[in-house]
Amino acid sequence: MNKFLWGSATASYQCEGGWNEGNRGETQWDNFSHHSALNINHVNGDVASDFYHKYEEDIKLLADGGQNTFRFSIAWSRIIPDGVGEINPAGIEFYNKVIDTCLKYHLVPNVTLFHYDLPKPIYDIGGWENRKTITYFVRYAQICFKYFGDRVPLWSTINEPNYYSYCSYIVGNYPPNKKLDFNAFCKSGYHLLLASARVVREYKKLNLPGRIGIVIDTSNVQTKRSDDLSMKAARKADLFYNKWVTDTVCKGYFPQQLFTLTKDSGIDLSFVKKADKPIFMSGIVDFLGLNIYSRAFIKPYTEGKTEVFMNNKGKNSKVKEGIKIKDWFETDYDPDIPRTKWGSELYPKCMYDELMDIKKNYGNILIYITENGIGEYETADKTGYVVDDERIEIMKKYICYMLKAKKEGVNVQGYYAWSTMDLYSWVNGYEKRYGLIRVDFDHDLKRIPKKSYFWYKNLILQNTEEG
Ligand code: BG6
C-alpha cells in the first residue's frame, strides 16, 4: 500500500437497508427508528440506500470514479444476530462478497468494526455502560478477523467513541437518549476505549498482514483570547473533545489531568480498574482515522448551568449547536465564519490545524482522513443530476489544507470523502445529503453521480500523476 489512498466512506446502518434480511438481528437503531418518539424525522434505515442489494453497482461506481479504496463498516448483528450467540453464515457471506468485489475492482477495503449499530440484546443490558459488552465485542472482532482478515489490510475498531458517547449521553439525540448524563458518558467512553484496546491486542496476536486503528472525530480547539483563563478552558475542551481518546490510543494511558478534573467534577470513576492499565498500553493503535468536519471554538464558562444545544432540524431551526459546561468551557460563536444549514461552522482550515496538532503531540503516527465532507439540502435536475458546487468548493479547501500539512511532514496517507452515496443521516434522515452520488430515495433508489463525483475523479487523477 505505497500509494496515497483516495476513496469515500459509508457505514452499515446508514446505507445497507435489508434490515431483516439474511438473518440480520435487530439493532439499537432499528429499535430507535421504529419505536421512539424522539426519532424526529420519522424515517429509518430499513431500506436506506439499499447497499445490501446494490453493493456491486456501488463498488463499481467507486472504482469508475478513480477511487482506490472504500471505507465501510460491518454490522455486528449480521455476523452474530443477537450479538453474543451463533455466527450467521449469511452475514459472513454478505461481507465476503463486499470484500471480494472491492478486490475485483482494485479497491483497498478499509473496515470499521463498530459504527453505532449495537445489537439490540446488548443495548438491552446497558450497551457500552455495561462492562460485559467489551467481552462480546472482542469475540465479534475475533470472528471478523478469522473470516476476513486475510483480505482486509485496514481495520478500525470503533467509529468516533467521543461523538457517539456525546450524542448518546450528553445531547441525548442518539439512543439511549440520556441528556447531560456525564457519569454515563465517562463510563461508556472508558469501556469503548478499553474494548478498542483489547481488540487491537487480539489483532496483533494474529500476525495478519494488515494494520489496525481507531476512527475519531477531532475538533481542533481554538479561542478568541489567549489569557490564562481562556487557555485553561481550551485545555479542558481539548481533553473533553480530543485528548481523552487520542492520548489513550496513541500513548497507552489516559491523561492524568483528566482523572483529576473529572473527579473534581463529581464523576464516579469506580469503573476504572487497575488491571486495565496494561491493556491500554498493549492496545496502542497502528494508525489514527480522523473524521474532520469542524473545529471547537470555545471560551471560559464559570457561572451558570450546564446546557447543550443541537440543531437537529436544519434550516427550520435557529439553534446553533454548542455546549456550556460549568467550570470547563462553553462554545463561542464567531460571526465571521459561515455555517451549514444545521448550524455547524464551515472552517476548512481546521483540517490543517488539527493535523499539525496531531504531529506535535504524536509525531509520525500514520493518519487517514476517514471522513470529510458537507451535508446539504439538494435538488436534482430532470435527469437526476445534482450540481453541488458548494460541496466542491469546500472539499477543495479541506483537501488543500490536508496536502499542505502533508508537505510539512504530517504522515497522512489517505483521504475518504463522506459519503460514497447519499445515505441515512443519524438524526437528519434523508434530507441531509453528503454523497458524491445521488440516490433517488423517492423512486427506485437509482444512483446518479453528482458533479462532485467527477470533480473528485479529476482531483485524484491529478494528484496521482503528480505523485
Ligand atoms: C460522523 C459519522 O460523525 O458524521 C457519520 O461518523 C455521520 O456516521 C457523519 O453520518 C455526518 O453526521 P450527520 O449527523 O450530519 O449525518
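Along every chain, residues carry numbers that run from 1 in the direction the sequence is written. In keeping with the model being predicted, local features are shown solely for residues with a pLDDT of at least 70 and side-chain atom pairs are shown and tallied solely at 80 or more, while totals for entire chains, interfaces and linings include all residues.

Q: What exactly am I supposed to notice about the overall build of the protein here?
A: In this text, helices come from DSSP runs of H or I with a minimum length of four residues, and strands from runs of E with a minimum of two, each type numbered from the N-terminal end. When helices and strands are counted, the protein shows 15 helices and 15 strands. As defined in this context, the radius of gyration uses C-alpha atoms, and a globule is described by 2.2 Å times the residue total to the power 0.38. Its C-alpha atoms give the protein a radius of gyration of 21 Å, near enough to 23 Å, the size a compact globule of 467 residues would have. Each principal axis of the C-alpha distribution contributes one length, and for the protein these read about 55 × 50 × 45 Å. Here the protein holds 467 residues, and the buried ones make up 51% of them. Partly exposed residues are those whose C-beta has more than 12 but fewer than 20 other C-beta atoms within 10 Å; with 20 or more the residue is buried, with 12 or fewer it is exposed, and the C-beta atoms are placed from the backbone.

Q: Any chance you could explain the sheet that holds strand β6 (residues 220-223) here in plain terms?
A: In sheet architecture, strand pairing relies on hydrogen bonds along the backbone and comes in two forms, parallel and antiparallel. Should DSSP find at least two bridges between two strands, the strands are taken to pair. The sheet built from five strands is open, its strands ordered β6-β8-β11-β10-β9 with mixed pairing. Of all strands in the sheet, those with a lone pairing partner are β6 and β9 (307-309), marking the two edges. On average, each strand axis in the sheet is inclined to that of its neighbour by 30°, with strand direction left out of account. Direction of pairing for strand β10 (residues 322-325) relative to strand β11 (residues 329-331): antiparallel, over a ladder of two bridges. Axis lines are fitted to C-alpha atoms, over the contacting stretch for helices. Their N-to-C directions set the angle, which ranges from 0 to 180 degrees.

Q: Before we go on, may I ask you to explain the packing of helix α10 (residues 228-251) against helix α11 (residues 256-264) in this structure?
A: The description of two packed helices rests on the angle between their axes and on the distance between the axes. Where α10 contacts α11, the axes come no closer than 11 Å and their chain directions differ by 120°. Here α10 is positioned oblique relative to α11, judged by the angle of their axes. Considering only the axes of α10 and α11, their crossing is left-handed. For the pair α10 and α11, the contacting residues are K236, L239 and W244 in the first and Q257, L258 and L261 in the second. Roughly parallel means an angle under 35 degrees; roughly antiparallel, over 145; roughly perpendicular, 65 to 115; everything else is oblique. Left-handed describes a crossing in which the near helix is turned anticlockwise from the far one by less than a right angle; the clockwise case is right-handed. The contact criterion used here is simple: two residues whose C-beta atoms, placed from the backbone, lie within 7 Å are in contact.

Q: Before we go on, may I ask you to explain helix α2 (residues 28-35) in this structure?
A: Helical geometry note: an α-helix holds 3.6 residues per turn, so side chains three or four residues apart project in the same direction. Of the positions making up α2, those classed as buried are Q28, W29, D30, F32 and S33. Looking at the buried positions of α2, the neighbouring elements they touch are α1 (12-15) and α6 (120-124).

Q: Is there a simple way to think about the site of the ligand in this case?
A: Residues in contact with the ligand amount to 15 residues; listed here are only the nearest, A11, Y163, G375, S425 and W426. Each residue is assigned to one class: nonpolar for Ala, Val, Leu, Ile, Met, Phe, Trp, Tyr, Cys and Pro, charged for Asp, Glu, Lys and Arg, and polar for all the others, Gly among them. For the shell around the ligand, the residue count by class is five nonpolar, six polar and four charged. Residues are counted as near a molecule or strand when the C-beta atom, derived from backbone positions, lies within 6 Å of that molecule or strand.

Q: Can you walk me through the environment of F271 in this structure?
A: Examined against the element boundaries, F271 turns out to sit in the loop between α11 and α12 (277-282). What makes F271 partly exposed here is the crowd of 16 C-beta atoms within 10 Å. Residues F271 and S452, 181 residues apart in the sequence, show an inter-C-alpha distance of 46 Å. With near-sequence residues (within four places) excluded, F271 lies in contact with K187 and Y190.

Q: Could you clarify how one ought to interpret the UniProt feature "active site" (unreviewed entry) in the protein in this entry?
A: UniProt positions are given in the numbering used here, feature names are shortened, and annotations may be inferred rather than shown by experiment. As annotated in UniProt, the feature "active site" (unreviewed entry) corresponds to E371 in the numbering used here. Judged by the 24 C-beta atoms lying within 10 Å of it, E371 is buried. For E371, the residues in contact, after removing those within four places along its chain, are A9, N291, Y416 and W418.

Q: Got a minute to help me understand unusual backbone geometry in this structure?
A: When glycine is set aside, most residues are seen to have a negative phi, and most peptide bonds are trans. A cis amide bond links P175 to the next residue, P176, at an omega of 10°. Checked against the element boundaries, P176 lands in the loop between α8 (161-171) and α9 (182-205). Cis geometry marks the peptide bond from W418 to S419; its omega dihedral reads 10°. Mapped onto the elements of the fold, S419 is located in the loop between β13 (412-418) and β14 (437-439). Phi at E160 takes a positive value of approximately 50°, unusual for a residue other than glycine.

Q: Where do I start with the sheet that holds β13 in this structure?
A: Reading around the circumference, β1-β2-β3-β4-β5-β7-β12-β13 is the order of the eight strands in this closed barrel, with parallel pairing throughout. If you compare each strand with its neighbour and ignore which way they point, the axes differ by 25° on average.

Q: Can you help me understand the nonpolar core in this one?
A: Counting residues in each nonpolar core, the largest one holds 132 residues, and the members touching the most others are A237, L288, I367 and M402. Here this core takes 11 residues from α9, the largest share from any one element. Buried Ala, Val, Leu, Ile, Met, Phe, Trp, Tyr and Cys residues form a nonpolar core when they are connected through C-beta atoms within 7 Å.

Q: What is the right way to read the packing of helix α13 (residues 349-362) against helix α14 (residues 389-407) from this model?
A: Contact geometry of α13 with α14 gives a least axis separation of 7 Å together with a crossing angle of 25°. The pairing of α13 with α14 is recorded here as roughly parallel in orientation. Classified by chirality, the crossing of α14 by α13 is right-handed. The residues of α14 that touch α13, namely those facing K349, M351, Y352, L355 and M356, are Y398, Y401, M402, K404 and A405. Partitioning the contact of α13 with α14 into residue classes produces eight nonpolar, no polar and two charged.

Q: Explain the environment of G126 here, please?
A: By the element assignment, G126 lies in the loop between α6 and α7 (132-148). Judged by the 16 C-beta atoms lying within 10 Å of it, G126 is partly exposed. In the structure, G126 is positioned 303 residues away from G429 in sequence and 25 Å away in space, judged by C-alpha atoms.

Q: Any chance you could explain α14 here in plain terms?
A: Helix length check: α14, at 19 residues, gives a terminal C-alpha distance of 27 Å against a target of 27 Å (1.5 Å per residue), a fit within 8%. Among all positions in α14, only R391, I394, M395, Y398, I399, Y401, M402 and A405 are buried. Taken down its axis, α14 places every buried residue within 155° of arc, on the same side. The exposed residues of α14 that point more than 90 degrees off its buried face are D389 and K407. At the exit of α14 stands G409, carrying a positive phi of roughly 100°. Here a helix's expected span is defined as the number of its residues, less one, multiplied by 1.5 Å. The directions considered for the arc run from the helix axis to the C-beta atoms.

Q: Just to check I follow, could you spell out the pairing of strand β3 (residues 108-114) for this structure?
A: Along a regular strand, successive side chains alternate from one face of the sheet to the other. In terms of burial, β3 is largely enclosed, as six of its seven residues are buried. Both strand β2 (residues 69-73) and β3 contribute to a ladder of five bridges, which runs parallel. If you follow T69 over to β3, its bridge partner there is V108. Both β3 and strand β4 (residues 154-159) contribute to a ladder of four bridges, which runs parallel. Paired with N110 across the two strands is L154, which belongs to β4.

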